[in-house]
Every structure is written in C-alpha cells, then in structure tokens.
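So the chains spell out like this:
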Amino acid sequence: MYKTHTCGELRTEDVGKTVKLAGWVHRRRDHGGVTFIDLRDRFGITQVVFDSQTAPQAHQAADALRMEWVIQVEGIVRKRPPGSENPALATGEIEVAAQELRVLNSAKTPPFLIYKDEEIDEHTRLKYRYLDLRRERMRRNLELRHRVVKFIRDYLDERGFWEIETPILFKTTPEGARNYLVPSRLHPGEFYALPQSPQQLKQLLMVAGVERYFQIARCFRDEDQRGDRQPEFTQLDIEMSFVDREDVMQLVEDLFTKLVAAVVPEKRILASPFPRLSYREALERFGKDNPDLRYGLELVNVTDLMHNCGFAVFEQAIRSGGSVRGINVKGCGEYSRKQIDELTEFVKQFGAKGLAYIALPHEGEVRSTFAKFLSPEVQAALFERMRAEAGDLLVFIADKDKIVFEALGRLRVHLAEKLGLIDENVLAFCWIIDFPFVVWNEEEQRWDPSHHLFTAPMPEDIPLLDTDPGRARGQQYDLVLNNYEIGGGSIRIHDRALQEKVFKLIGLDLEVARERFGHMLEAFEYGTPPHGGIAPGIDRICMILAGEPNIREVIAFPKNQAARDVMAGAPSPVEPKQLEELHIRVELPATVQKS
RNA sequence: GGUCCCGUGGUGUAGUCUGGUUUAACAUACGGCCCUGUCAAGGCUGAGAUCGCGGGUUCAAAUCCCGUCGGGACCGCCA
C-alpha cells in the first residue's frame, strides 16, 4: 500500500499517528536545516517537514526533490507549532514529520506551473493536457462534472428511468448537422455515421416499451467550432412515454432545481418555477430565443408611435413591413459621440444600418440625431413608453423584424457585459415554448421543420397545417440558462397519418422518407405510445455552473477551434494499407500540399 | 468561405502605435551557494529569447508593409 491516507484528510485527531502519504511535490521551501514540502494528490495538500535534526537522512534526500516529482513519505502526524497553522489548507492544523522519503518518480520541469492559476496559452495547455488537468481549476471542473452526472444518474434512477446505451456506429441522416462518417470494411463503398444525437434510437426505445429512458450520450456534429460547440459533446438524453409537454418540463425543472442545490449551493436560481416565454415573447422582449434574464434592458416596440413621426428612416422601415424598437440604456445619458459610435459599429455587424439615439444627459437637455423631427406629443409618448428619465440613453433600430431583433438582442447582451449588470452567481433558467412548427425556407421555397421531423404540432393547431402552416405551433420546448440554450425537446408524433402529413408539408417525398426513415415508420405501426423527451447539453451546463467561458474547460480532452486534438495529433494521415482495407482512395484538394 | 484579435527566454508580461535611447526589460520557473518554521519563504549568484516563420521598405526593424504558419473570438454553418 502506497498510502495510508490521502493528502486531504489528516486533521488534529490524527496527531501521533504514523502515516504514509504519496503524491506530487507541489511546492518546496528549503530553509537549510529544515525543508517543507507541500505534498499534493487529487484529494488535497499536506505539508511534510524534513528536519535535519530528527531525520537527517530523509532531510538530505529531500534536497534533491523538485516540482512534480512523485514521492512517498512515511512520518508522524503532529500539530503545527502555534502561529504557524495555515488556514488556507484543510490540513493546515497539522503537518507530517517525515522519517522516510522514497522517490517514486522524478519529473522534468513542467512547461507551466501547476500550482499557479495563471492564464497559459491554450495551445500549450491542450498539448500538455495531462499536466493542465493537475491544476486546481481543472481538477475542480472535473469534479464538478462528475457530481453533475452522478446527481443526474441517481435522480433519474430513483424515478424509474433506465440508462441504455445506443450505438455510436449508426446510419447517416442528411438532415441537420453534417455527419462524421466511418467507412465500412466489410461493405465496400458504404459508411456508418456517428450520431448527431440518439434521437431515432430513443424513440424506438419508446416503441420497445422502455417508457423511461435516459443516457449520458456522446453526440457528434461535423460543424465549425465555437466556445460552446465541440465536434463531440455530451447530452443528457431523456425520453418518456405517456407524457405531455407539461410532464417533461416538470421533471426537468425539478431535476435542475435539485441539482443546483446539491452541486452548486452557492449559486442562486433567479426564479422558480422557471419563467415560461413564448418564442414570440422572447423575441419581442429580448431579441433572441435564448434570452439572459439576469438583467433588464428589455426591448421596447415603438413602431405605432413612429408611423408618421417625420423621421424618414423610421417611416420607411415601417412602410416596408418592418418595425422600430429601442432599448433604454439606463444611466448612460452622458455617453459621448464616440461611445455611441462604438455601439453603432457593434449593431452593424448584425445587419442594422444604423443606431438612432436620444441621449438625456441632464434634466431638460436632449441630444439626438432625430428627436428634432418628432412632435412634442410623440416625444412625450415615446419617453413614457420607454420610461425615460434624465440620465438615460435611448437607442433605436428600425428595420425588418429579423434584423431589429438580432441587432438589439446582441446589443442588449453587449451592454449588460459592458455595464457590469451580470451577476455571476445567479442562474436564470427559463423555458421557451410555442415555437413555430415550421419556418419558411426562402431559398428552397418550402417549409422546414423548426425542430425536427418527428416533433408534434400543438393539437389545436393541426388544422392550420393545411391552411396557414406558418402560424402553427410545435409541441417543442427549449430550456435556456443565462444566455445559452442548454436543451431542447419536444413531444413526438406517434400517429402515422399525422407523420405523413408533416412529411408532405415539408416537401419530403414519401418514397425518400421511407428510404431514410423506413425503420422508424415501420416501427411506429406496431403500437407506439405517445412520447416525448428532451436533451440538455451536459457540457454547457457544466460550463455555466463552473463559471467558465467555454466548454473546453469542462471537457478533459477537448479539441481546438480547428477540431484538432493537439495532444495526440488527431486527425492524422493513415497507412496506405488501412485505406486499402477500407476501399478508400484519397484525393486532396488542390490547396492542400501533399506531404 | 469570411471578419477581427493575438504570437517577445520554460511560463506570464513590458517594449510595437511614434523604427535608433536595448547589450530586448520585469516577474516567475530553472542551475549553484547560504539559511531550522516556511506556506507566493528569504538572501546572494548564474544561465536562458537571432522577438512564430519567410520576404520587403530603410543607413537602421521586435517595432512599418506583404505573405505564411499557429492560436483565439465571431459571422456563415450548427434540423
């Protein structure tokens, strides 16, 4: 046995015991006659003392120790001399007086300091991820993620769910994200696809009568990276039979409420029950369907006031079917022209042509590009609608709704960050419901499903599918937390006739549908229960709970922005023999030089 | 496919805008020596960067320009 205790567990009760500890040399403080080693393992840090008087041999041996050497120490636990306790350490009341030292392994000087929580170039961190993971920040994140997943497993198990694994090698689905493909050796020219999610399989498990299924499921999407997107990521995949929308939402809400209390008790849930916003309301008030509810700065629709306001830019936008909306940026009335220009540049990124403003630096003073066009009545109505007071800055965008929402929604987040309105300890969960069932695809001149093919429409909206599909709502729900969509789900179609109606609506030929989803359609004919589910993203949830800026920080071995594993060097070329076996010939694009 | 930002000893930064004052500075880590109560230990001392790479402008380039590579943020994409 290498250790009798971990480096995090010795306390004053253990004083007098002879113990063995093993771990890494975290820090070393050599005072000549006495040397202190902070010995670290996954569980904590314990101070080990090498004294030249009482243990001269061990003391001499300790002279050679360097950072990150792996050692074993045998010694006696003793209380630290009064005044030398370290309250920053859980084991800070005691120390281990070393009698014997055994070096288990020496270590090269690491490329960065393990004990220091400084920002290191991420490429270096990823290249030496196994060292990066030794650092406290990463250790904490790994533990948090373990706690989250463990809590979820226990919670769902207690409620009768089974965790069932579904295949990683599955069938390609041309819809949605680009697939990762795996060539088949046994079937030349054919490919498996890695699942974007176990969507079809979990529905088939419902046909199978499982009733309550979950999986901590790895999903794969071959799309470009973002801070909250990796080529492979993990979803909590849930599917239930004999449930309606309300049942799924209640379960998930209860799960996350209890999870937060258990895993991150220092965080506060903003509102419980979670607020529910219709898709339309989310856009109207926040400009996006993943709104951050931790602060105000809500959008205000002033279109009706601006119909004949005299300001041509506004009038024209309204005449071409658009709207005029604004945000009251409280307390920024004294923004300089330069500061407002910066905001204008910001919204231009998202298609806005400009940013109109009315600054109210002081009582009675108005600074604006367009206020002069407004009649006193319109101006008064505008100020009232926007609850404008002296000291405020009102900003407006006039355009098509899509652009107004996008630009103001982004501006709202930008302003909140800039003005420091975000409380990092608050978790603002909310539900977005009543999504449009289908959205018009201008390019292809047809309706696309807004969620996925098997999502059920609201029962009362089924007649609309024939008359006015754009107005039909789906039985879909998104779970949103602090500016991130952390999960989406729906009640599925379990009726063959309705499913065919939907295929028809979105222009999916029945023959093609059979080819791609024949197994689903056939399965549905053998007695399919009403069912639905949801799939919260584990990485994003952990990222937010850990207070991290991207999901790489909560993934042990993530890929970089170019989808590379820089530690192992994946992807990589393969041996010609391997390609031969797979019946694959590589043709590089002209821009890539052959090496 | 596109836009923006970054690249200086092992690590983190300064210097770059405004070229010469630099023998490229500081901290930390690293080597050696001293030191019995530290916990960011301390003191003395030493070594370590042709400034990502290539080209150009110039009497002179870490600094300006072009290209390229690497990294990050974002748009497109992500049912």
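Residues numbered from 1 in each chain as written. Chains lettered and ligands numbered in written order. Predicted model: local features only at pLDDT ≥ 70, side-chain atom pairs only at ≥ 80, totals over all residues. Heavy atoms only, no water.

Undergrad: Which residues make up the overall build of chain A, and what values do they have?
TA: Helix and strand content of chain A: 16 helices and 24 strands. Summarising its shape, the C-alpha atoms of chain A cover approximately 95 × 75 × 55 Å along the three principal directions. Within chain A, contacts between residues at least 6 apart in sequence are counted, and of these 68% link residues at least 24 apart. About 30100 Å² of surface is accessible on chain A, with carbon and sulfur atoms providing 50% of the total. (Helix = DSSP H or I, 4+ residues; strand = E, 2+ residues; numbered from the N terminus. Contact = heavy atoms within 4.5 Å. Areas by Shrake-Rupley, 256 points an atom, 1.4 Å probe, with all protein chains shown as cover.)

Undergrad: Help me get a handle on the sheet that holds strand S17 (residues 393-399), residues and values and all.
TA: Strands sit in the order S13-S14-S17-S15-S16 across an open sheet of 5 strands; the sheet is antiparallel. Either end of the sheet is taken by a strand with one partner, and the two such strands are strand S13 (299-301) and strand S16 (367-368). (Pairing = 2+ DSSP bridges.)

Undergrad: An account of the confidence of the model for chain A is requested, with residue identities and associated values reported.
TA: With 99% of its residues at a pLDDT of 70 or more, chain A shows a mean pLDDT of 93. Reported confidences for the modelled complex are a pTM of 0.94 and an ipTM of 0.93. (pLDDT = per-residue confidence, 0-100.)

Undergrad: Tell me what's going on with the domain arrangement of chain A, and back it up with residues and numbers.
TA: On domain assignment, one finds that chain A holds domain 1 (12-105) and domain 2 (295-422). Using C-alpha coordinates to define each centre, domain 1 is positioned 63 Å away from domain 2. (Domains from an automatic or database assignment.)

Undergrad: Residues and numbers for the protein's contact with RNA strand B, please.
TA: As a structural note, the neighbourhood of RNA strand B is formed by 48 residues, with Arg27, Gln53, Ser84, Glu95 and His451 the closest of them. If you look at RNA strand B and keep only atoms within 4 Å of the protein, 54% of those are sugar or phosphate atoms. Gln47 is positioned with one of its side-chain polar atoms (N or O) 2.8 Å from a base nitrogen of RNA strand B. Contact between RNA strand B and Asp224: a base nitrogen at 2.7 Å from a side-chain N or O atom of the residue. For the surface near RNA strand B, the element with the most residues is strand S1 (residues 18-30), which contributes 3 residues. In terms of residue class, the surface near RNA strand B is built from 10 nonpolar, 18 polar and 20 charged. (Near = heavy atom within 4 Å. Polar contact = N/O pair within 3.5 Å; in protein donor to acceptor, adjacent residues only side chain to side chain. Nonpolar A, V, L, I, M, F, W, Y, C, P; charged D, E, K, R; others polar.)

Undergrad: Summarise the packing of aromatic side chains; cite the residues concerned and give the values.
TA: According to the stated counting rule, one finds 17 aromatic pairs in the structure shown. Their ring planes at 40° and their centres at 5.2 Å tell us that Tyr279 and Phe435 sit as a pair that is tilted. With Tyr279 in helix H7 (residues 279-286) and Phe435 in the loop between strand S19 (429-433) and strand S20 (438-441), the pair connects residues that are 156 residues apart, well separated along the chain. Both rings, one in Phe311 and one in Phe314, keep their centres 4.7 Å apart while their planes meet at 70°; by these two values the pair is edge-to-face. Taken as a pair, Phe311 and Phe314 share a single burial class, namely buried. Every member of this aromatic cluster is reached through a ring pair, and the members are Phe311, Phe314, Phe370, Phe373 and Phe396. The cationic tip of Arg27 hangs over the ring face of Tyr115; the distance from NZ or CZ to the ring centre is 3.4 Å. Lying across the ring of Tyr155, Arg159 places its NZ or CZ 3.5 Å from the centre. (Phe/Tyr/Trp six-rings, centres within 6.5 Å; stacked < 30°, edge-to-face > 60°. Buried < 20%, exposed > 50% of the residue type's maximum accessible area, 1.4 Å probe, protein only. Lys NZ or Arg CZ within 6 Å of the ring centre and 35° of its normal.)

Undergrad: Could you give an account of the pairing of strand S4 (residues 70-79), with specific residues and numbers?
TA: Sheet topology places S1 next to S4; 7 bridges connect them, and they run antiparallel. For Ala22, the partnering residue across the bridge sits in S4 and is Gln72. As paired elements, S4 and strand S5 (residues 94-105) share 10 bridges and run antiparallel to each other. Paired with Arg78 across the bridge in S5 is Glu95.

Undergrad: Can you lay out helix H11 (residues 401-418) for me, pointing to particular residues and giving the numbers?
TA: Taking 1.5 Å of rise per residue, the 18 residues of H11 would be expected to cover 26 Å, and the 25 Å separating its terminal C-alpha atoms lies within 8% of that figure. Of all the positions in H11, only Ile403, Val404, Phe405, Ala407, Leu408, Gly409, Leu411, Arg412, Val413, His414, Leu415 and Ala416 are classed as buried. Structurally, H11 contributes buried residues whose contacts are with H7, S13, strand S14 (323-329), helix H9 (337-348) and S17. Two residues or fewer past H11, Gly420 is found with a positive phi of approximately 65°. (Expected span 1.5 Å × (residues − 1).)

Undergrad: Now, about the sheet that holds strand S24 (residues 531-536): what can you tell me, with residues and values included?
TA: Strand order in the open sheet made by the 8 strands is S6-S9-S10-S24-S23-S22-S19-S12, with mixed pairing throughout. Since the sheet does not close on itself, it has two edges, and those belong to strand S6 (162-163) and strand S12 (276-278), each with one partner. Across 6 bridges, the pairing between strand S22 (residues 476-481) and strand S23 (residues 484-491) is antiparallel. What sits directly across from Val480, in S23, is Glu485. This element, helix H5 (residues 199-207), spans strand S9 (212-220), strand S10 (232-241) and S24 of the sheet and lies at about 25° to S10. Set on the sheet, H7 makes contact with S12 and S19; between it and S12 the angle comes to about 90°. (Axes fitted to C-alpha atoms, helices over the stretch in contact; angles between N-to-C directions.)

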